[in-house]
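Topology and contacts: notes
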Amino acid sequence: MGIFSAIRERIGAAIAAVIGAIVLLGCGALFAFILSPQQALEARSIERMPLMDATDVVGAPAGQEVLVTGRLADNPLMDEGGFVAYRLQEWMVTLPDPNDPDDEPSGTWETIERLVPDLTLDVNGEIVWILSANDAVLSGPLHEELIYSDSYDEAQDGGEWIPHGSLRLRGFFNGDLATVLGKKASTGDVIPQELYAGDRVAFSDSKHQAARGLFIAGICMMILAPAVLVGGIVAGLFGRRR
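**Description of the nonpolar core**
With 25 residues, the main nonpolar core has Leu119, Leu121, Val128, Phe172 and Leu195 as its most contacted residues. For this core, the secondary structure elements donating two or more residues are helix H2 (54-59), strand E1 (65-72), strand E4 (119-123), strand E5 (126-130), strand E11 (177-184) and strand E12 (190-196). Not counting chain neighbours up to four residues away, the residues in contact with Phe172 comprise Leu72, Phe83, Val84, Ala85, Leu138, Ser139, Leu142, His143, Ala178, Leu195, Tyr196 and Ala197. Counting six residues, the second largest nonpolar core, distinct from the first, contains Ile46, Leu181, Tyr196 and Phe203.

If you want it as structure tokens, here you go:
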């Protein structure tokens, strides 16, 4: 029975290597050939769109895409750190495998709330009204506030050890320069799709950088896939068993 069990383990390890390589190859192709071009198209679209002022927004027909830059002004402050719009995330730690001495804890930020209320945007001294849209994307160099939990389980984020269950608020303050990408509502206001902390040039550059990052990451995954396949099969079939 020991021989058959060892054979099953080796075959299982080889199959796992094949599956891992396929997943890595698929994710690489997704990043390089789908997500990266999408980001590049968004960047070029933002570059081509006219930057509108309050008069342009008023004159635009309902449903037209709108790109407007101004400063957030006179918006009600929220209880959470004085933000006027924010994204709330929780740090979720995955503990290391106790059977693997080289494994380390890992963590991810999971969004648990996004709050984008009605906002006023001062565009060259005139007000553009931004409608509430909690599904709008908040991007760019946002203000950030960390609220640490007292959990003993920790994982690193950018070199800092952060306890499980810690909260992170990222968002906008009054006075921040913001570029809003959205559509003209039938009411005359703007329905936001994305609020970027910065001007149109920085907004477009961020999309280009995201496209390059996704493409490079995708190519790296695709290059690693054969190595994972061969290494996994060799280790599974011929490696020493414990």
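**Regarding the sheet that holds strand E3 (residues 106-115)**
Pairing in this open sheet of four strands is antiparallel, and the strands run E3-E2-E10-E7 from one edge to the other. Each edge of the sheet is formed by a strand with only one pairing partner; in this case those strands are E3 and strand E7 (143-147). Adjacent strand axes in the sheet meet at a mean angle of 25°, parallel and antiparallel pairs treated alike.

**Observations regarding the pattern of salt bridges**
Tallied over the entire structure, the rule returns three salt bridges. Of the charged contacts, one joins Arg170 and Glu144 as a salt bridge, the two residues approaching to 3.3 Å between their closest N and O atoms. Taken together, the residues span a long stretch of sequence, with Arg170 in strand E10 (residues 167-172) and Glu144 in strand E7 at a distance of 26 residues. The partner of Lys207 in a salt bridge is Glu194, and the shortest N-O contact between them spans 2.9 Å. On the criterion of sequence distance, the pair formed by Lys207 in helix H3 (residues 200-238) and Glu194 in strand E12 is long-range, its members being 13 residues apart. Connected via shared salt-bridge partners are Glu42, Glu194 and Lys207.

**Let's talk about the packing of aromatic side chains**
Evaluation of the coordinates by the stated rule reveals four aromatic pairs. Consider the rings of Phe83 and Phe173, whose centres lie 4.9 Å apart with planes at 55°: the pair is tilted. Of this pair, Phe83 sits in the loop between E1 and strand E2 (85-94) while Phe173 sits in the loop between E10 and E11, and the two are 90 residues apart along the sequence. Phe83 gets classed as buried once you look at its relative accessible area, which sits at 1%.

**Some points on a negative patch on the surface**
A contiguous patch of negative charge, built from Asp97, Asp100, Asp102, Asp103 and Glu104, is present on the exposed surface. Tracing the sequence through the fold places Asp97 in the loop between E2 and E3.

**Quick look at the pairing of E11**
E11 sits mainly inside the fold: six of its eight residues count as buried. Relative to E11, E1 runs antiparallel, the two being bridged by seven bridges. For Val68, the partnering residue across the bridge sits in E11 and is Val180. Examined bridge by bridge, E11 and E12 share six bridges and lie antiparallel to one another. By the bridge assignment for E12, Leu181 is matched with Glu194. Two successive antiparallel strands, E11 and E12, enclose a turn made up of five residues, where Gly188 displays a positive phi of approximately 100°.

How each quantity is defined
Residues numbered from 1 in each chain as written. Predicted model: local features only at pLDDT ≥ 70, side-chain atom pairs only at ≥ 80, totals over all residues. Heavy atoms only, no water. Core = buried A, V, L, I, M, F, W, Y, C linked by side-chain atoms within 4.5 Å. Buried < 20%, exposed > 50% of the residue type's maximum accessible area, 1.4 Å probe, protein only. Helix = DSSP H or I, 4+ residues; strand = E, 2+ residues; numbered from the N terminus. Contact = heavy atoms within 4.5 Å. Pairing = 2+ DSSP bridges. Axes fitted to C-alpha atoms, helices over the stretch in contact; angles between N-to-C directions. Salt bridge = Lys/Arg side-chain N within 4 Å of Asp/Glu carboxyl O. Phe/Tyr/Trp six-rings, centres within 6.5 Å; stacked < 30°, edge-to-face > 60°. Patch = residues over 30% accessible without salt bridge, like charges linked within 9 Å, V, L, I, M, F, W, Y side chains within 5 Å. Areas by Shrake-Rupley, 256 points an atom, 1.4 Å probe, with all protein chains shown as cover. Lys, Arg positive; Asp, Glu negative; His and termini not counted. Charge placed at Lys NZ, Arg CZ, Asp CG, Glu CD.

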